[in-house]
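# Fold and geometry: a report
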Amino acid sequence: MPVRKRPPAFVLAGLLTLLAACSDDQEPSSSLPIFALQRHEPHDGLAVVSQPDGYGLHLYLETDTSNPGICQPRWIPDPARLFNGNGTAPFSSGTASRQEFFEAMQKPAVLKAARQELEKLCLNRAPDATWQWVDPPLATGEISPVALPAWEEQDLLTNPNDELKRQESLLEDADGG
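The rules behind these values
- Residues numbered from 1 in each chain as written.
- Predicted model: local features only at pLDDT ≥ 70, side-chain atom pairs only at ≥ 80, totals over all residues.
- Heavy atoms only, no water.
- Core = buried A, V, L, I, M, F, W, Y, C linked by side-chain atoms within 4.5 Å.
- Buried < 20%, exposed > 50% of the residue type's maximum accessible area, 1.4 Å probe, protein only.
- Helix = DSSP H or I, 4+ residues; strand = E, 2+ residues; numbered from the N terminus.
- Contact = heavy atoms within 4.5 Å.
- Pairing = 2+ DSSP bridges.
- Salt bridge = Lys/Arg side-chain N within 4 Å of Asp/Glu carboxyl O.

Counting 17 residues, the largest nonpolar core has Leu46, Leu59 and Trp75 as its most contacted members. Contributing elements (two or more residues each) for this core: β2 (45–49), β3 (56–64), α2 (98–105) and α3 (108–125). The greatest single-element share of this core, amounting to five residues, is contributed by α3. The residues contacting leucine 59, other than those within four sequence positions of it, are Asp44, Gly45, Leu46, Val48, Pro79, Phe101, Met105 and Val110.

Moving on, we come to the pairing of β2. Counting buried residues along β2, five of its five residues qualify, which places the element largely inside the surrounding structure. A two-sided burial pattern is seen for β2, the buried positions comprising Gly45, Ala47 and Val49 on one face and Leu46 and Val48 on the other. Bridge analysis of strand β1 (residues 34–36) against β2 gives three bridges, and the strand direction is antiparallel. Paired with phenylalanine 35 across the bridge in β2 is alanine 47. Relative to β3, β2 is paired through five bridges, and the arrangement is antiparallel. What sits directly across from valine 49, in β3, is glycine 56.

Throughout the structure, instances matching the rule amount to nine salt bridges. For arginine 81, the salt bridge is made with glutamate 100, and the minimal N-O distance between the two is 2.6 Å. Taken together, the residues arginine 81 in strand β5 (residues 80–83) and glutamate 100 in helix α2 connect sequence positions 19 residues apart. The salt bridge partner of glutamate 117 is lysine 120, with a shortest N-O separation of 4.0 Å. Here lysine 120 and glutamate 117 lie together in helix α3, a separation of three residues that amounts to about one turn. Note on glutamate 117: relative accessible area 9%, which makes it buried. If you follow the salt bridges from partner to partner, you end up with Arg39, Glu41, Asp44, Glu62 and Arg125 in one network.

The next subject is unusual backbone geometry. At histidine 43, a position not held by glycine, the phi torsion is positive, near 75 degrees. With respect to the secondary-structure elements, histidine 43 resides in the loop between β1 and β2. Backbone geometry at asparagine 84 places phi at a positive 60 degrees, although glycine is not the residue there. With respect to the secondary-structure elements, asparagine 84 resides in the loop between β5 and β6 (91–93). The class of asparagine 84 is partly exposed, set by a relative accessible area of 32%.

Here's what the structure looks like:
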């Protein structure tokens, strides 16, 4: 049987097509772990190991139930620094950058794990509420600070010097002075 030779450009085009078909826009599966790492209660933290030595992020997961009947994520874009993420006793300390948070939130595996943990956290905190997903911020401009109620005078402590003067005045009055 005669062998037909193909021009090199034809072979190269075929190889490029094959490589393009094998790769896709999805993130390659990572061997670096993502797992629940409790802070105070189950499902309120997520460890994202970003380096082979176990170094990474400890994401703080919070819920927003300010709208009655709805529970949704309240994003805290200031994660802690994860240490020993590949070991038997992972822990976090200090803070990591917001940029690292934004980068982590763009990974489908991290989003999937965060969504699962947040849904469980909502179920624990507000079992009768409807779960509603809210996408995380991916840039500084997307962060909206939590509006807390203003402090009123009755919420504030009295000045210690004024309190001492009142006590002394009461003691003088009690002595008949």
